[in-house]
Number of protein chains: 2
Amino acid sequence: MTPSRQTSKVTLKDVAARAGVSISTASLVFSGRGPVADATAERVRQAATDLDYAGPDPTASALRQGRSGAVAVVVEERLLHAFRDPFALAVLDGLAQELDALGLSMLLVADHGDGESNPLAAHAVDAAVFPLCGRADSSLVDHLVARTIPIVGAGAPAHGSVVHVMVEERAAQADAAQHLVDLGHERLAHVTMPLAPTPPPGPPRTVSRGEIADAAYADARERALGFLDVAPTGTIVEASRADVAEGEAAGRLLLDVPAAERPTGIVAQSDLLAAGVIRAAESLGLRVPDDISVTGFDAVDLPWLDHTLTTIEQPGEAKGRLLGNLTRRLLAGENPSDTPFPVTLRLGDTTAPAPH
Amino acid sequence: MTPSRQTSKVTLKDVAARAGVSISTASLVFSGRGPVADATAERVRQAATDLDYAGPDPTASALRQGRSGAVAVVVEERLLHAFRDPFALAVLDGLAQELDALGLSMLLVADHGDGESNPLAAHAVDAAVFPLCGRADSSLVDHLVARTIPIVGAGAPAHGSVVHVMVEERAAQADAAQHLVDLGHERLAHVTMPLAPTPPPGPPRTVSRGEIADAAYADARERALGFLDVAPTGTIVEASRADVAEGEAAGRLLLDVPAAERPTGIVAQSDLLAAGVIRAAESLGLRVPDDISVTGFDAVDLPWLDHTLTTIEQPGEAKGRLLGNLTRRLLAGENPSDTPFPVTLRLGDTTAPAPH
DNA sequence: GGTACGAATCGAATCGATTCGATAGTCTGG
DNA sequence: CCAGACTATCGAATCGATTCGATTCGTACC
């Protein structure tokens, strides 16, 4: 219904013809790369306007130049779950800022894990980023390596060609546990994020040391090991998702028991899980931190939570920017190495000396 | 440091040469489009394996076929803010599901609004989606139209070439307000989302009828008009962001006044804002719904909220899928028209008869 | 006045595939 | 035994730009 539907696409050739110059000259006008007389440039621009030319075709340009201006951002789960955690969102945001400044766009790619469909085979990208710690191996990596596309990751996938931003998950989580021990807590428990891509559905469940060691997700595994370093006899419960509802369920599982068996300190692997645990505690009539101490991980902003969590401070936006930086350097031909990303324990009001 | 860095990229030509067939035959093997003898196909595949060929170059393929397999998903703000609302995330997720099924990927594009840099000029996309209601006009639209790229939107941008999913914002919000009137409430107030891309920073503020009429964001404007249809004398407050913190600030502004002036019913334009208002009320010692009734919009899942909001039910995932469907039909050459998306009032426990 | 130089422009090769029409070879049936 | 149908393969054109080396032209300098 538009007044004049263009019958065929306008190309640089058409513009050049109308301006009375060669295609190469017209190209120079748009790329601004070569010396072009002002008058000529103006004629070309006028012709482009007349013909409604929208600029050089990005595909053709990409083919010739060998770069597409897009970076694949790979997430494992459905977007809904991947970005429900404010921490993931912060990382994405930081990454977006950095890439934006480089004129790169993000191609959101879901890695379903079935080696079958390869969502990347059909797309031209200049680099790939795995911004969230996922499973240790991804079939996508082999493909990317074969295409000689640089890869940046946040702890996963584990592969020699992936440049990583590395967090000392184990030590950090041990710090949180040690903090509780220092406060006199003796019965500690731990709530993990999912240990594998498809955790057993249903309510949170207690997991064994062996299951920890075999966990497919490195971040969950390392944090659990850090907890065990400090509290070797502590109970460990796996949430099937790292969100408030699962955290609350895990909290109820741990806390809805006779007082003598009840842990007094709970180390959660994420702030959302910690918030859930706190909700569980309070709904059972237990006060935080008087009766129960709780720690989180990430230090995200939860305006609806009436506590300041004791947690591991991990600035997500900065992490995302760092990922972006590594991407830039790889694209510039540099050879950056894995980069540590420091995190620290932040004291809040959800931990206090053990009761009694 | 990889053992054998390929000196030059492997192309279809190399594979064809090694397999002893023509380029065209090799192409047929990968696209599976033409009749190829099993033995030949096998030889080609073997050659590809030998040479570490990662499949046809997506850029070249895109150029020849005229489609890139990517869809631009345009959001206005920084990603961090755009997807902080679970509703936005749900829409994105539904859209992702639908596009995934079509073999399309999402190119996340931030529309900064400055007509200067055009993030889309450099990228090949087959369609563009504006999944969240944003400002009425975007300079990107003209560019997309010139490139004859189909566009789908959720209420914005307003342009003849954009196919929309349409929500009766005004009527829906009026329903919520009417519900409060039916319960006997006489002093009503309204908390709006930002009315324009860059709302005055600082705390929420009361806005005039004129500012409503001039609002750049159609959804905020229409909802406010719906509120006014029912409560022409109600107070209206604009939040500078649609999140819990701003909702709480707006709530305090409205409720921290002498009881005689205090509204007994507050209609918020989003669930997050409503949750914030509830927090403000409770921190002032007011009970919801006994003292104050509050309504939201969207019916998102807020596991941390100890209420079931009375709200407008707007299934975000379904909305996203609908956007995906329209995209599919446009790409298939169909000519779909704007599609209504029904929303309904859902009663929860945050509204009750007016006190006294 | 002729040569050398720089600026502006152009022609043609190239990026790496897809696809159409042509050709060679195989099989069926009358 | 040959016309007709069908299968497998190939050559060449094409998608729409970018870019390198060559060409043209005017000017400055000796």
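Right above here is the structure, for reference.
Position numbers for residues start from 1 in each chain and track the written sequence from start to end. Chain letters start at A and ligand numbers start at 1, both assigned in the order the entries are written. Totals for whole chains, interfaces and linings use all residues, but because this is a predicted model, local features are given only for residues with pLDDT of at least 70 and pairs of side-chain atoms are given and counted only at 80 or more. To get the side-chain values, take all heavy atoms of the structure and skip hydrogens and water.

### Quick notes on the interface of chain B and chain A
At step 1: Contacts are residue-level and defined by heavy atoms, with any inter-residue pair within 4.5 Å sufficient. Tallying the contact residues gives 51 residues for chain B and 52 residues for chain A.
At step 2: Accessible area that two parts lose when put together, evaluated with a 1.4 Å probe and summed over both, is termed the buried area. In this assembly, chain B packs against chain A so that about 4200 Å² is buried in total across both faces, 60% of it on carbon and sulfur atoms.
At step 3: It is B:P58, B:T59 and B:W304 in chain B that bury the most area against chain A; as a group they hold 13% of the surface buried on that side.
At step 4: In what follows, salt bridge is the name for a side-chain nitrogen of Lys or Arg lying within 4 Å of a carboxyl oxygen of Asp or Glu. Remark: the boundary between chain B and chain A carries two salt bridges.
At step 5: Of the charged contacts in the structure, one is a salt bridge between B:R279 and A:D306, with a shortest N-O distance of 2.8 Å.
At step 6: Whenever a nitrogen or oxygen atom comes within 3.5 Å of another N or O atom, the pair is scored as a polar contact, on the condition that within protein one atom can donate a hydrogen and the other can accept it, and that pairs from neighbouring residues in sequence are kept only if both atoms are in side chains. Linking chain B to chain A there are 14 residue pairs in polar contact (both at pLDDT 80 or more).
At step 7: Secondary-structure elements contributing two or more residues to the side of chain B that touches chain A are helix 4 (58-65), helix 5 (79-82), helix 6 (86-101), strand 2 (105-110), helix 7 (139-146) and helix 11 (244-255) of chain B.
At step 8: Of the residues forming the side of chain B that touches chain A, the biggest block, seven residues, is contributed by helix 6 of chain B. Runs of E in the DSSP output that reach at least two residues are strands. Runs of H or I that reach at least four are helices, and both are numbered from the N terminus.

### A few points about the sheet that holds strand 1 (residues 70-75) of chain A
Within a beta sheet, neighbouring strands are joined by backbone hydrogen bonds and run either parallel or antiparallel to one another.
At step 1: The sheet built from 12 strands is open, its strands ordered 12(A)-5(A)-4(A)-3(A)-1(A)-2(A)-2(B)-1(B)-3(B)-4(B)-5(B)-12(B) with mixed pairing. One side of each edge strand has no neighbouring strand; the edge strands of this open sheet are strand 12 (339-340) of chain A together with strand 12 (339-340) of chain B.
At step 2: Relative to strand 12 of chain A, strand 5 (residues 162-166) of chain A runs parallel, the two being bridged by two bridges. Note that in strand 12 of chain A the partner of A:M166 across the bridge is A:P340.
At step 3: The sheet contacts of helix 6 of chain B involve strand 1 (70-75), strand 2 and strand 3 (127-130) of chain B, and relative to strand 2 of chain B the element is tilted by about 140 degrees. By this definition, two strands are paired if DSSP reports at least two bridges between them. Axis lines are fitted through C-alpha atoms, for helices just across the contact stretch, and the angle between N-to-C directions can take any value from 0 to 180 degrees.

### A word on the side chain of A:R135
All names here are of chain A.
At step 1: Looking at where R135 falls in the secondary structure, it is placed in the loop between strand 3 (127-130) and helix 7 (139-146).
At step 2: Taking relative accessible area as the criterion, R135 reaches 15% and is therefore assigned buried.
At step 3: Here D111 takes part through its side chain, which lies 3.4 Å from a polar atom of the side chain of R135.
At step 4: Setting aside its immediate chain neighbours within four residues, R135 contacts E76, D111, H112, G113, A156, P157, P197, A216 and Y217. In this scheme, a residue with accessible area under 20% of its type's maximum is buried, one over 50% is exposed, and one in between is partly exposed, where area comes from a 1.4 Å probe on protein chains only.

### Re the protein's contact with DNA strand D
At step 1: Lining the immediate surroundings of DNA strand D are 26 residues, of which A:L12, A:S27, A:Y53, A:R64 and B:T40 lie closest.
At step 2: Any residue with at least one heavy atom within 4 Å of a molecule or strand is counted as near it. Near the protein, within 4 Å, the atoms of DNA strand D are sugar or phosphate in 65% of cases.
At step 3: Contacts to DNA strand D include A:D57, whose backbone N or O atom sits 2.7 Å from a phosphate oxygen.
At step 4: Within the backbone of B:A37, one N or O atom sits 2.8 Å away from a phosphate oxygen of DNA strand D.
At step 5: Contributions of two or more residues to the surface near DNA strand D are made by helix 2 (23-31) and helix 4 (58-65) of chain A together with helix 2 (23-31) and helix 4 of chain B.
At step 6: The dominant element in the surface near DNA strand D, judged by the number of residues it contributes, is helix 4 of chain A, at five residues.
At step 7: Residues belonging to the surface near DNA strand D are distributed by class as follows: 11 nonpolar, 11 polar and four charged. The residue classification treats Ala, Val, Leu, Ile, Met, Phe, Trp, Tyr, Cys and Pro as nonpolar and Asp, Glu, Lys and Arg as charged. All others, Gly included, are polar.

### Overview of the packing of aromatic side chains
At step 1: Between rings of Phe, Tyr and Trp, where Trp is taken as its six-membered ring, a pair exists when centres lie within 6.5 Å; planes separated by under 30 degrees are stacked, by over 60 edge-to-face, and by other angles tilted. Scanning all chains against the criterion turns up three aromatic pairs over all chains.
At step 2: Pairing A:W304 with B:W304 gives two aromatic rings, centres 4.7 Å apart and planes at 0 degrees, and the pair type is stacked. Highlighted residues: A:W304 in the loop between strand 10 (293-295) and strand 11 (311-313) and B:W304 in the loop between strand 10 (293-295) and strand 11 (311-313), drawn from two different chains.
At step 3: Note on A:W304: relative accessible area 11%, which makes it buried.
At step 4: The criterion is that NZ of a Lys, or CZ of an Arg, lies within 6 Å of the ring centre and within 35 degrees of the ring normal, and then a charge sits over that ring. Its end group placed over the ring of A:F297, A:R223 keeps NZ or CZ at 3.6 Å from the ring centre.

### A word on the relation of the copies chain B and chain A
At step 1: Superposition record for chain B on chain A: RMSD 0.1 Å, screw rotation 180 degrees, translation along axis 0.0 Å. What we have between these two chains is a two-fold relation. Relative to the rotation axis, the closest C-alpha in chain B is found at B:L107, a distance of 2.1 Å.
At step 2: Looking at chain B, 100% of its interface residues are interface residues in chain A too, so the copies touch through the same face. Least squares is used to superpose the copies, and the fit set is the C-alpha atoms of residues whose pLDDT is at least 70 in both copies.

### Looking at helix 1 (residues 12-19) of chain A
Residues and elements named next belong to chain A.
At step 1: Of all the positions in helix 1, only L12, V15, A16 and A19 are classed as buried. The arc that holds every buried residue of helix 1, seen down its axis, measures 100 degrees, which confines them to one face. Exposed residues pointing more than 90 degrees away from the buried face of helix 1 are listed as K13, A17 and R18.
At step 2: Looking at the buried residues of helix 1, the elements they touch are helix 2 and helix 3 (38-51).
At step 3: A positive phi of about 70 degrees marks G20, the residue just after helix 1. The arc in question is the one spanned by the directions pointing from the helix axis to the C-beta atoms.

### Thoughts on the protein's contact with DNA strand C
At step 1: As a matter of local geometry, DNA strand C sits amid 26 residues, with A:T40, B:L12, B:S27, B:Y53 and B:R64 nearest to it.
At step 2: Atoms of DNA strand C within 4 Å of the protein: sugar and phosphate make up 65%, bases the balance.
At step 3: In the environment of DNA strand C, a base oxygen lies 2.4 Å from a nitrogen or oxygen atom belonging to the side chain of B:R64.
At step 4: A total of five residues in the surface near DNA strand C trace back to one element, the largest contributor, which is helix 4 of chain B.
At step 5: The class makeup of the residues in the surface near DNA strand C is 11 nonpolar, 11 polar and four charged.

### Considerations on the sheet that holds strand 9 (residues 265-268) of chain A
Residue and element names in this part refer to chain A.
At step 1: If you walk across this open sheet you meet the five strands as 7-8-6-9-10, and the pairing is mixed. Lying at the two open borders of the sheet, with one neighbouring strand each, are strand 7 (205-206) and strand 10.
At step 2: The sheet contact formed by strand 6 (residues 188-192) and strand 8 (residues 235-238) spans four bridges and is parallel. Note that in strand 8 the partner of H190 across the bridge is I236.
At step 3: The sheet contacts of helix 8 (residues 169-182) involve strand 6, strand 9 and strand 10, and relative to strand 9 the element is tilted by about 170 degrees.

### Points about the pairing of strand 8 (residues 235-238) of chain B
At step 1: As judged from the two bridges shared by strand 7 (residues 205-206) of chain B and strand 8 of chain B, these two strands associate in the antiparallel manner. Across the sheet, the residue bridging to B:T206 is B:V237, located in strand 8 of chain B.

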